[in-house]
Amino acid sequence: KVYTDYFFDEPAYNTHDGGFVPLEEPKTPQQPLKIPELLKPDKETDTDMYYTVIAQTGEVQLLPGKKTKTWGYNTDLLGKTILFKEGKMIHITLKNELPELTTFHWHGLNVPGPVTDGGCHAPVYPGKSTQIEFKCDQPAATLWLHAHPCPSTAQHVWKGLATAVVVKDDVESKLPFPRNYGVDDIPVILQDRRFHKDNQWDYMADYDPDGVQGPTAMINGTINPYFDVTTQRLRLRLLDGANRREWRLHFSDDLKFTQIASDGGILPEPVDFTHLMLTCAERVEIIVDFGKYKPGDEVTMFCDDVPIMRFRIHEFAPDNTQLPDHLVDIPDPDVTPGAPVHKVVMSGMDEEVMMNGKKFDMQRIDDKQKLGNVEYWDISNTNDMTGGMVHPYHMHGTQFRVVSRNGHAPYANENGLKDTVGVNPGETVRLKVWFNHLGVFMNHCHIIEHEDGGMMAQFEVYDPDHPKQYKLMDMDTL
Ligand code: C2O
Ligand code: CU
Ligand code: CU
């Protein structure tokens, strides 16, 4: 079966919102897609990996003329791709060379909160550095690192603090997937920007409480990119790294592609599509098969009707590898008998956004879950179709299962592990959630301006036999 629709409710697409900024095709020349370098470990042994991640300022030639001032991790804009191997101890020095405090949040990584997780309670002050260490104990996946200082996460991400994180393991490495990084396995970070005078970005000038957008697609920090295809099969690790934009992706000729992974790792079964919608912070890995094209052909990727990237076909060796029907087994633990059902209500638009009727407070723990329990979380979006948005709901510290949407089966590509799920207006999405680590974690809408605007809460994962106290920051102690 090949799915040809976007699954989400069409009246809820962000294109219907009054403040929507449509994409425009850039008039500047096509550029080769930037492939982020892999971050070199400072040291690696059989059991440990050591990295230094530096948040820094920079400038990049994005358009003809003046360079654009940007921020990035270990580079001018976005970052180098960071590789973790499952089973190893990871040691990271986090360095802040920015003029203001930031945090380093590992989106999708199952690590203790709130400090290792890197949310708002883990500031690294300008000129300072700090260390974290954790064991990488989750399956192969495409995760990401982004800044998370409250309430300026959106600005830090807009300036460029976001990069791909790839977890490798022995299960994924045996599957017949392309995995030659930079050649047939590439991260694709989807963002959008508006260029102002002298090619600069101006977050405040573009501010919209429902999410900042720009008319120009930027992919891996490239404007108007093309990619040279030199293999029949290409694996794209797509990440919606935009502050607010949904990406409705499809290729010319309605070329079919296959999703092999969602946020938290490989799907149990591959899913074939011609059209796919990503909401903010979601990742999907797809394999595109260019077998029917010949050298000199060009395949275009569109978002809605706007071309956003070109694939230039070159000579390639035939590769008719078929994927198995079953890829991996996904954990699906039983819900703990008698465990409470958590309720999360996302409401409002603009400045009125709230979670469970409240705005985020760094000092308030809104919910609790016992370590080891498996519990249902029911996530509702009270917007209605005529004046609402899809809220991409995200939880730190876990990879969950999507159980149902308004009592119906989840979408065909939601049978794997996820950490972010788009919730339509008027919908309740039931999740099955469990944790491997203690801590205080955040849950929020990943339209980043909604998060900064207060559609965010926090919960504690606790062990009743070993109660812990956490140092929670507030705006004054920051
Ligand atoms: Cu992508 Cu609170 O995070
Ligand atoms: Cu996160
Ligand atoms: Cu939202």
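Residues numbered from 1 in each chain as written. Chains lettered and ligands numbered in written order. Predicted model: local features only at pLDDT ≥ 70, side-chain atom pairs only at ≥ 80, totals over all residues. Heavy atoms only, no water.

Chemist: Looking at this structure, I do not really get the packing of aromatic side chains. What am I missing?
Modeler: Each aromatic ring pair is described using two quantities: the centre-to-centre distance and the angle formed by the ring planes. What the rule picks out here adds up to 23 aromatic pairs. Seen from their ring centres, Tyr 6 and Tyr 13 are 6.2 Å apart, and the 80 degrees between their planes marks the pair as edge-to-face. The burial state of Tyr 6 is the same as that of Tyr 13; both residues are buried. Summarising the aromatic geometry, the rings of Phe 435 and Phe 441 are spaced 6.0 Å apart at their centres and angled 15 degrees between planes, so their arrangement reads as stacked. As far as the burial class goes, Phe 435 and Phe 441 line up, both buried. Through successive ring pairs, a cluster of aromatic residues spans Tyr 3, Phe 7, Phe 8, Phe 227, Phe 251, Phe 257, Phe 273, Phe 290, Tyr 293, Phe 311 and Tyr 411. A cation over a ring is seen here: Arg 193 above Trp 201, with NZ or CZ 5.0 Å from the ring centre. (Phe/Tyr/Trp six-rings, centres within 6.5 Å; stacked < 30°, edge-to-face > 60°. Buried < 20%, exposed > 50% of the residue type's maximum accessible area, 1.4 Å probe, protein only. Lys NZ or Arg CZ within 6 Å of the ring centre and 35° of its normal.)

Chemist: Even after reading the chapter, I still don't get the domain arrangement of the chain, so can you show me in this structure?
Modeler: Size of an interface, as often reported, equals the accessible area lost when the parts are brought together. Here the domain parsing of the chain yields domain 1 (2-13 + 177-313), domain 2 (24-172) and domain 3 (342-462). The interface is formed by 33 residues belonging to domain 1 together with 27 residues belonging to domain 3. A per-residue breakdown of the area domain 1 buries against domain 3 is headed by Phe 8, Pro 209 and Asp 210, which together make up 22% of the total. Counting across the domain 1 and domain 3 interface gives three salt bridges. (Domains from an automatic or database assignment. Contact = heavy atoms within 4.5 Å. Buried area = accessible area lost by both parts, 1.4 Å probe. Salt bridge = Lys/Arg side-chain N within 4 Å of Asp/Glu carboxyl O.)

Chemist: Sorry if this is basic, but what is going on with the coordination of the copper ion (ligand 2) here?
Modeler: Around a metal, the perfect tetrahedron of four donors has angles of 109.5 degrees, and the perfect octahedron of six donors has angles of 90 or 180 degrees. Protein-derived ligands of the copper ion (ligand 2) are His 105 (NE2) and His 394 (NE2), with the metal-ligand distances lying across 1.9 Å. Residue His 105 is found in strand 9 (residues 105-107), and its partner His 394 is found in strand 29 (residues 391-395); the two are separated by 289 residues along the sequence. Accessibility assignment for this pair places His 105 and His 394 in one class, buried. (Donors = N, O, S within 2.8 Å, 3.2 Å for Na, K, Ca; no water. Helix = DSSP H or I, 4+ residues; strand = E, 2+ residues; numbered from the N terminus.)

Chemist: Even after reading the chapter, I still don't get the environment of Pro 209, so can you show me in this structure?
Modeler: Inspection of the secondary structure puts Pro 209 in the loop between strand 13 (185-193) and strand 14 (216-219). In the structure, Pro 209 is positioned 141 residues away from Asp 350 in sequence and 4.8 Å away in space, judged by C-alpha atoms. If near-sequence neighbours (up to four positions away) are discounted, Pro 209 is found in contact with Asp 350, Glu 351, Glu 449 and His 450.

Chemist: Explain the sheet that holds strand 20 (residues 265-273) to me, please; I cannot follow it from the model alone.
Modeler: Paired through backbone hydrogen bonds, the strands of a sheet run either parallel or antiparallel to each other. Read across the open sheet, the eight strands follow the order 1-20-19-22-17-13-14-15; overall the sheet is mixed. Each edge of the open sheet carries a strand with a single partner, namely strand 1 (2-3) and strand 15 (222-223). The pairing of strand 19 (residues 257-262) with strand 20 spans five bridges and is classified as antiparallel. Bridge pairing links Phe 257 to Phe 273 in strand 20. (Pairing = 2+ DSSP bridges.)

Chemist: I would appreciate a short explanation of the coordination of the copper ion (ligand 3) in the present structure.
Modeler: Only His 391 (ND1), Cys 445 (SG) and His 450 (ND1) from the protein reach the copper ion (ligand 3) as donors, at distances of 2.0 to 2.1 Å. Read N to C, the donor residues that coordinate the copper ion (ligand 3) are spaced as H-x53-C-x4-H. Of this pair, His 391 sits in strand 29 while His 450 sits in helix 2 (residues 448-452); the two residues are 59 residues apart in sequence, bridging distant segments of the chain. On the basis of relative accessibility, which here comes to 0%, the residue His 391 falls in the buried class. Its relative accessible area of 0% is what places His 450 among the buried residues.

Chemist: Just checking my understanding: could you explain the environment of Glu 427 for this structure?
Modeler: Looking at the secondary structure, you find Glu 427 in the loop between strand 31 (420-423) and strand 32 (428-434). Classification of Glu 427 as buried rests on a relative accessible area of 7%. A C-alpha to C-alpha distance of 8.7 Å links Glu 427 and Asn 383, two positions 44 residues apart in sequence. Setting aside residues no more than four positions away along its own chain, Glu 427 makes contact with Ile 379, Ser 380, Asn 381, Arg 405, Asn 406, Tyr 411 and Gly 422. Of the polar contacts made by the side chain of Glu 427, one reaches the side chain of Arg 405; its length is 2.9 Å. (Polar contact = N/O pair within 3.5 Å; in protein donor to acceptor, adjacent residues only side chain to side chain.)

Chemist: What is the right way to look at the nonpolar core in this model?
Modeler: A general trend in soluble globular proteins is that nonpolar side chains are found buried together. Core analysis: the largest hydrophobic core is formed by 45 residues, its most contacted members being Leu 190, Leu 236, Trp 247, Phe 251, Phe 290, Ile 308 and Phe 311. No other element matches the five residues that strand 24 (residues 306-313) contributes to this core. Leaving out residues up to four positions away in the same chain, Phe 251 has contacts with Leu 236, Phe 257, Thr 274, Ile 286, Val 288, Val 299, Thr 300, Met 301, Phe 302 and Phe 311. In terms of nonpolar packing, the next biggest core, distinct from the first, is built from 30 residues, Tyr 51, Leu 94, Val 124 and Ala 147 among them. (Core = buried A, V, L, I, M, F, W, Y, C linked by side-chain atoms within 4.5 Å.)

Chemist: Can you walk me through empty space enclosed by the protein in this structure?
Modeler: Empty space among the atoms can be located by rolling a probe the size of a water molecule over them. Counted by the stated rule, this structure contains one cavity of 30 Å³ or more. Its boundaries defined by the atoms lining it, the largest cavity holds a volume of some 130 Å³. Looking at the lining of the largest cavity, the elements that each hand over two or more residues are strand 19, strand 21 (275-278) and strand 22 (283-289). Per-element tally for the lining of the largest cavity: the top contributor is strand 21, with four residues. Of the residues belonging to the lining of the largest cavity, the class tally is eight nonpolar, four polar and five charged. (1 Å grid on protein atoms, 1.4 Å probe; cavity = no way out; pocket = protein on both sides within 12 Å on 5 of 7 lines; lining within 4 Å. Points joined across faces, edges and corners; volume = space filled by probe spheres on them. Nonpolar A, V, L, I, M, F, W, Y, C, P; charged D, E, K, R; others polar.)

Chemist: How should I be thinking about the pattern of salt bridges in this particular structure?
Modeler: Here the idea is simple: oppositely charged side chains can pair when their charged atoms come close. A complete count under the given rule lists 33 salt bridges for this structure. In this structure, Arg 235 engages Asp 185 in a salt bridge whose closest nitrogen and oxygen atoms are separated by 3.8 Å. With Arg 235 in strand 17 (residues 233-240) and Asp 185 in strand 13, this residue pair connects regions lying 50 residues apart in the sequence. Neither Arg 235 nor Asp 185 differs from the other in exposure class; each is buried. Ionic pairing is found between Glu 285 and Arg 235, a salt bridge with its closest N-O pair at 2.7 Å. With Glu 285 in strand 22 and Arg 235 in strand 17, the pair connects residues that are 50 residues apart, well separated along the chain.

Chemist: Quick question: what am I supposed to make of the sheet that holds strand 31 here?
Modeler: With mixed pairing, the five strands of this open sheet are ordered in space as 27-34-33-29-31. Each end of this open sheet is capped by a strand with a single partner; those strands are strand 27 (367-370) and strand 31. For this sheet, the mean inter-axis angle between neighbouring strands, taken without regard to orientation, is 25 degrees. By the bridge criterion, four bridges tie strand 27 to strand 34 (residues 456-462) in an arrangement that is parallel. What sits directly across from Lys 368, in strand 34, is Glu 460. (Axes fitted to C-alpha atoms, helices over the stretch in contact; angles between N-to-C directions.)

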